[in-house]
Amino acid sequence: MFNDIGWAEVLTLAVLGMLVFGPDKLPKAIQDISRMIRKIREFSDSAKQDIRDELGPEFKDFEFEDLNPKAYLRKQLGNDDLGLQDIRDSFDLRKEMAELSDSVNDVESRTDGTRAAAGGASTVGGRADLVKKRNLDAGERPPFDMDAT
């Protein structure tokens, strides 16, 4: 529950507790808070067990964490009954995006795997520049785009 709390946070909470409760009431407050947390955990565990008992024997291995949509999808897609791993392995997003940017910027692929700029398309660091900027002459106004306004 509190796995990511460091020593600085614990020290800050201790100083804050000392200021709020005072040194004489702080131990009693800590005991009350720990007792309350313990009772909440016991209540939660008993409620989970009651729900499992009411669902019946076919749900004996039911975990409430499975109700989280991310955990459910991860569990269902992880067993690979549908053959999704082959689809996932065959799809290379970087390659697809490179091909798309090449076609947008009119960049031709060479046989050695590198790309050559065609039609004046510029490349920056071996990658196609997706922002097409044209240098304006002195005093020339930029083109007006009706759709952009």
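Being a predicted model, the structure only gives us computed values, none of them experimental.

## Thoughts on the environment of glutamate 63
So, step 1. Mapping glutamate 63 onto the fold places it in the loop between helix H2 (26-55) and helix H3 (69-78).
So, step 2. Relative accessible area serves as the criterion here: at 36%, glutamate 63 is assigned to the partly exposed category.

## Quick notes on H2
So, step 1. Helix length check: H2, at 30 residues, gives a terminal C-alpha distance of 44 Å against a target of 44 Å (1.5 Å per residue), a fit within 8%.
So, step 2. Within the sequence span of H2, burial applies to Leu26, Ala29 and Arg52.
So, step 3. Looking at the buried side of H2, the elements it contacts are helix H1 (7-21).
So, step 4. Note on H2: the residue one or two positions beyond its end, glycine 56, has a positive phi of about 105 degrees.

## Remarks on the environment of arginine 52
So, step 1. Of note, arginine 52 is situated in helix H2.
So, step 2. Considering only alpha carbons, one finds arginine 52 and phenylalanine 62, ten residues apart in sequence, at a separation of 7.3 Å.

## Details of the pattern of salt bridges
So, step 1. Following the criterion strictly, the structure yields two salt bridges and no others.
So, step 2. For lysine 28, the salt bridge identified is with aspartate 32, shortest N-O distance 3.3 Å. In this pair, lysine 28 and aspartate 32 are both assigned in helix H2, four residues apart and thus about one turn of the helix distant.
So, step 3. The exposure class assigned to lysine 28 is partly exposed, which follows from its relative accessible area of 47%.
So, step 4. Owing to a relative accessible area of 33%, aspartate 32 belongs among the partly exposed residues under this scheme.
So, step 5. Among the salt bridges present, the one from aspartate 32 reaches arginine 35, with a minimum N-O distance of 3.1 Å. Of this pair, aspartate 32 and arginine 35 both sit in helix H2, three residues apart, which is roughly one turn of the helix.
So, step 6. Classification of arginine 35 by relative accessible area gives partly exposed; the value is 37%.
So, step 7. Salt bridges sharing partners connect three or more residues here, namely Lys28, Asp32 and Arg35.

## So, the layout of surface pockets
So, step 1. In this structure, the largest pocket encloses a volume near 430 Å³.
So, step 2. Contributing to the lining of the largest pocket are 13 residues, with Val10, Leu13, Ala14, Ile30 and Ile33 lying nearest its centre.
So, step 3. Only H1 and H2 provide two or more residues apiece to the lining of the largest pocket.
So, step 4. Here the lining of the largest pocket takes six residues from H2, the largest share from any one element.
So, step 5. Residues that form the lining of the largest pocket fall into these classes: eleven nonpolar, two polar and no charged.

## Focus: H1
So, step 1. The end-to-end C-alpha separation of H1 is 21 Å, in line with the 21 Å expected for 15 residues at 1.5 Å each.
So, step 2. Phi turns positive, to about 85 degrees, at glycine 22, one or two residues after H1.

## Regarding the confidence of the model for the protein chain
So, step 1. Chain-level statistics for the protein chain give a pLDDT mean of 76 and a share of 72% at 70 or above.
So, step 2. The spread of mean pLDDT over the elements of the protein chain runs between strand E2 (residues 115-117), the lowest at 50, and H2, the highest at 91.

Basis of the calculations
Residues numbered from 1 in each chain as written. Predicted model: local features only at pLDDT ≥ 70, side-chain atom pairs only at ≥ 80, totals over all residues. Heavy atoms only, no water. Helix = DSSP H or I, 4+ residues; strand = E, 2+ residues; numbered from the N terminus. Buried < 20%, exposed > 50% of the residue type's maximum accessible area, 1.4 Å probe, protein only. Expected span 1.5 Å × (residues − 1). Contact = heavy atoms within 4.5 Å. Salt bridge = Lys/Arg side-chain N within 4 Å of Asp/Glu carboxyl O. 1 Å grid on protein atoms, 1.4 Å probe; cavity = no way out; pocket = protein on both sides within 12 Å on 5 of 7 lines; lining within 4 Å. Points joined across faces, edges and corners; volume = space filled by probe spheres on them. Nonpolar A, V, L, I, M, F, W, Y, C, P; charged D, E, K, R; others polar. pLDDT = per-residue confidence, 0-100.

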